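Observations on chain architecture
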Amino acid sequence: MKIVAILGSPRAKSNSTALARTILHQAAEQGAETQEFLLNKLEFKGCQGCETCKTKLDHCVVKDELGPVLEAVKAADAVILASPNYFGEVSGQFKSFFDRTYSWLNPDFSSRLIPGKASVFVFAQGQPSLDMYRDVHARYEMWLKRFGFARNYLLRMNGPRAADSVSQRPDLVGQAEEIAHELIGGSKQA
Ligand SMILES: Cc1cc2nc3c(=O)[nH]c(=O)nc-3n(C[C@H](O)[C@H](O)[C@H](O)COP(=O)(O)O)c2cc1C
């Protein structure tokens, strides 16, 4: 099983990155092949809206460091999508990545990805209430389903806001480990 993590936080000791890495680490211990991409370290543009992926090519025409990321997801069984909450949304880095996934859609908006992959959306916010920002994953999950992702997990961190806070949330580390088990178990059943 191959698992790719897309890490959308620019912070050193990011909470969302730490939780994503917990899942990757646990999955690797159980035999998964893992790979991560730290978006903030990559030189890339957002979608240029050129529609070349709908008119001439079956992939994104933009040649930059995001190209291998988009291709790595195509070859993966599962993807971890991690982002901090910035103003009730994902980070700009993550949104710029996600806009480029437009190239995963055919001209009729069916998916170019092999169906049946799994996703894990890791979303860290400072706000303690999990009632706030429920809409964010719901909106991204809608597109993930369109891309053909069959099992879509959610791991939310509701504070503390400071970096390097995951050690204060053993409950979330436990959830991350459980998701890793389910990712591996689900792929064995498939
Ligand atoms: C620019 C910016 C905007 C933020 N906006 C929100 C927000 O709207 N709601 C919230 O709960 N937390 C907000 N936060 C707090 C972060 O979501 C929180 O610190 C989170 O743990 C960051 O995740 P990371 O460590 O993975 O980067 C914001 C932080 C920054 C820097």
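This text follows the structure it describes.
Anyway, here's the lowdown on the structure attached to this text. Keep in mind that what you see is a predicted model, and the values were worked out from it rather than measured.

1. Thoughts on the sheet that holds strand β4 (residues 118-125)
Pairing is parallel in the open sheet, where five strands are placed in the order β2-β1-β3-β4-β5. Taken across any chain shown, the strands that pair with only one partner, and hence form the sheet edges, are β2 (33-38) and β5 (151-158). In this sheet, neighbouring strand axes are inclined to one another by 15 degrees on average, regardless of whether the strands run parallel or antiparallel. For β4 and β5, the ladder comprises eight bridges, and the chain directions are parallel. What sits directly across from Val120, in β5, is Tyr153. Contacts from helix α1 (residues 15-29) reach β1 (2-7), β2, β3 (78-84), β4 and β5 within the one sheet, and its direction differs from that of β3 by about 160 degrees. Lying over the sheet, helix α3 (residues 67-75) contacts β1, β2 and β3, oriented at roughly 145 degrees with respect to β1.

2. Remarks on the environment of Pro160
Here Pro160 shows up in the loop between β5 and α6 (170-189). Among all residues touching Pro160, those that are not within four sequence positions of it are Ser165 and Gln168.

3. A closer look at the environment of Arg146
Turning to its location among the elements, Arg146 is positioned in helix α5 (residues 134-146). Arg146 sits in the partly exposed class, given 14 other C-beta atoms within 10 Å.

4. Let's talk about α1
An ideal rise of 1.5 Å per residue puts 21 Å on 15 residues; α1 measures up with 21 Å between its terminal C-alpha atoms. Of all 15 residues in α1, twelve are buried, a share of seventy percent or more. When α1 is considered as a whole, its buried residues turn out to be Asn15, Ser16, Thr17, Ala18, Leu19, Ala20, Arg21, Thr22, Ile23, Leu24, Gln26 and Ala27.

5. Points about the site of the ligand
Taken together, the neighbourhood of the ligand is formed by 17 residues, with Ser9, Ser16, Pro84, Gln125 and Gln127 sitting nearest. Counting residues per element, the ones that place at least two in the shell around the ligand are α1 and β4. Among the elements that line the shell around the ligand, the one with the most residues is α1, at three residues. Considered class by class, the residues forming the shell around the ligand number five nonpolar, ten polar and two charged.

6. Some remarks on the pairing of β3
Most of β3 sits inside the fold, with seven of its seven residues counted as buried. A two-sided burial pattern is seen for β3, the buried positions comprising Ala78, Ile80, Ala82 and Pro84 on one face and Val79, Leu81 and Ser83 on the other. The pairing of β1 with β3 spans five bridges and is classified as parallel. Bridge assignment links Val4 to a residue of β3, and that residue is Val79. Sheet topology note: the β3/β4 ladder contains seven bridges and is parallel. Bridge pairing in β4 places Ile80 opposite Val120. Traced from β3 through helix α4 (residues 92-100) to β4, the parallel crossover comes out right-handed.

The rules behind these values
Residues numbered from 1 in each chain as written. Predicted model: local features only at pLDDT ≥ 70, side-chain atom pairs only at ≥ 80, totals over all residues. Pairing = 2+ DSSP bridges. Helix = DSSP H or I, 4+ residues; strand = E, 2+ residues; numbered from the N terminus. Axes fitted to C-alpha atoms, helices over the stretch in contact; angles between N-to-C directions. Contact = placed C-beta atoms within 7 Å. Buried ≥ 20, exposed ≤ 12 C-beta atoms within 10 Å, placed from the backbone. Expected span 1.5 Å × (residues − 1). Near = placed C-beta within 6 Å. Nonpolar A, V, L, I, M, F, W, Y, C, P; charged D, E, K, R; others polar. Right-handed = clockwise from strand over helix to strand, strands pointing away.

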